[in-house]
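Survey of secondary and tertiary structure
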Amino acid sequence: MRFASRWLVPVAAALIAPRAGAHHSFAPHFDIGKPVSVAGVVKEFEARNPHSYLHIEATDENGKTQEYVCESHGYTQLSRNGITPEMLKAGTQLRIDGSLSRHDPHMCFFNNVYFPDGRALNVNGPTGPQAARAPSAASQPPRRDIFGNWLLAPIPNRSTSGPQPMMQSLTEAGKAAVAKYDPFKDDPTFRCDPVAIRRVWGAPGTPLSITREGDRVILRHEWMDVQRNIDLNQREHPKDGPRTSLGHSVGHFEGDTLVIETANYAAGVLNQYVEQKGEPTRGLLHSAALTSVERLHLDAARQRLVVEVSLEDPEFFTRDFEPATLEYAPTDLKLEPFNCSPEGVTGTVKR
């Protein structure tokens, strides 16, 4: 493989289309229609969560040395997929390809890393027939209940931005809140706040665990180091309790289904980015009146944890949300510390 230290365009878009794996929406930040390839020398690798940043010194088409900063998944997810910080030390020669930033001609999202010895690694892990298999699922003994470690199953054509029907069902209060929100600087995830539970459930590439400890069910998500303690004896929410992004949860079993009811939310953000044709990028917000019901059960025949989330927010919406369903495959992945690092307002890490 020849390595020319310059900015190379184009690259076939079909070969670099990212799987749904970034923790913020891809489309508002990067243009899949503008594929890029950068070959040069690593200046720095910022091994961070929820996103990592690779700095490459390369020579542009004018013969000038430029520093290109390319984002990808968090370092924990990259390491699991075979791309470790040790591979990306300063001075390492390599090439990456990906999609150009919409905000800066010297930034991108990288999908593949190519080394001079012929190694080619994808940020989403192995490609080809093995890619469809859930990590270590084949070696797992059959699950008999919801307890254990799980990983979000692939969702075909999953998008974390795009149209959102509930934008048409906002109350006047909801419209006012949306108008004040700037998704490129106001989203709580930039401050390492895990935001509402629906977004926690949707975090890809990071495992979660469900355990029972006495009269509590403990939900731990690697993403943002979330831990939720579900009290099975309590049925009411404290009237004067604290308001948080994850709210206060109580639960009970209906047969083999765990039902979790959550209230006492602080006002927050349900969708970081909503893209509607001809309109600026917005966000879908919720008020402190939000309540949610989660129903968790095991589909034993398919070996899938099925999670259905229902939302109500009469202060910001004129109707209830349609239930959202997510599925998770068994995994033997262990939860690692996430140690989130705050990010800047356009997807770059704060200094």
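Before going into details, it helps to say that this report is about the structure given with it. (Residues numbered from 1 in each chain as written. Predicted model: local features only at pLDDT ≥ 70, side-chain atom pairs only at ≥ 80, totals over all residues. Heavy atoms only, no water.)

1. Let's talk about the packing of aromatic side chains
For the coordinates displayed, the defined rule picks out four aromatic pairs. Ring centres 5.5 Å apart and planes at 55° place the aromatic pair Trp201 and Tyr328 in the tilted group. With Trp201 in helix 4 (residues 197-201) and Tyr328 in strand 18 (residues 324-330), this pair connects stretches of sequence that are 127 residues apart. The same class applies to Trp201 as to Tyr328, namely buried. Each ring, one from Phe317 and one from Phe321, has its centre 4.9 Å from the other, and the planes form 75°; the classification is edge-to-face. Considered together, Phe317 and Phe321 belong to a single accessibility category, that of buried residues. (Phe/Tyr/Trp six-rings, centres within 6.5 Å; stacked < 30°, edge-to-face > 60°. Helix = DSSP H or I, 4+ residues; strand = E, 2+ residues; numbered from the N terminus. Buried < 20%, exposed > 50% of the residue type's maximum accessible area, 1.4 Å probe, protein only.)

2. Details of the nonpolar core
Formed by 48 residues in total, the largest nonpolar core has its most connected members in Trp201, Ile210, Leu284, Leu296 and Tyr328. When residues in this core are grouped by element, the largest group, four residues, is from strand 17 (residues 304-312). Within the second largest apolar cluster, 20 residues are counted, among which are Leu54, Tyr68, Leu100 and Cys108. (Core = buried A, V, L, I, M, F, W, Y, C linked by side-chain atoms within 4.5 Å.)

3. Notes on the state of the cysteines
Per the stated rule, a full pass over the model turns up two disulfides. With its sulfur 2.0 Å from that of its partner, Cys70 forms a disulfide with Cys108. An S-S torsion of about 110° defines the bridge between Cys70 and Cys108 as right-handed. You can see Cys70 sitting in strand 4 (residues 65-73) and its partner Cys108 sitting in strand 6 (residues 107-114), a full 38 residues away along the chain. On the basis of relative accessible area, Cys70 is assigned to the buried category, the value being 1%. Classification of Cys108 as buried rests on a relative accessible area of 1%. Disulfide partner of Cys192: Cys340, at an S-S distance of 2.1 Å. The sign of the -80° torsion about the S-S bond sets the Cys192-Cys340 disulfide as left-handed. Taken together, the residues Cys192 in the loop between helix 3 (172-180) and helix 4 and Cys340 in the segment after strand 18 connect sequence positions 148 residues apart. You'll find Cys192 and Cys340 in the same group, each marked buried. Assigning the bonded cysteines of the chain consecutive numbers by sequence position, one obtains the connectivity 1-2, 3-4. (Disulfide = S-S within 2.5 Å.)

4. A closer look at the side chain of Thr331
With respect to the secondary-structure elements, Thr331 resides in the segment after strand 18. Separated by 3.0 Å, the side chain of Thr331 and the backbone nitrogen of Leu333 make a polar contact. (Polar contact = N/O pair within 3.5 Å; in protein donor to acceptor, adjacent residues only side chain to side chain.)

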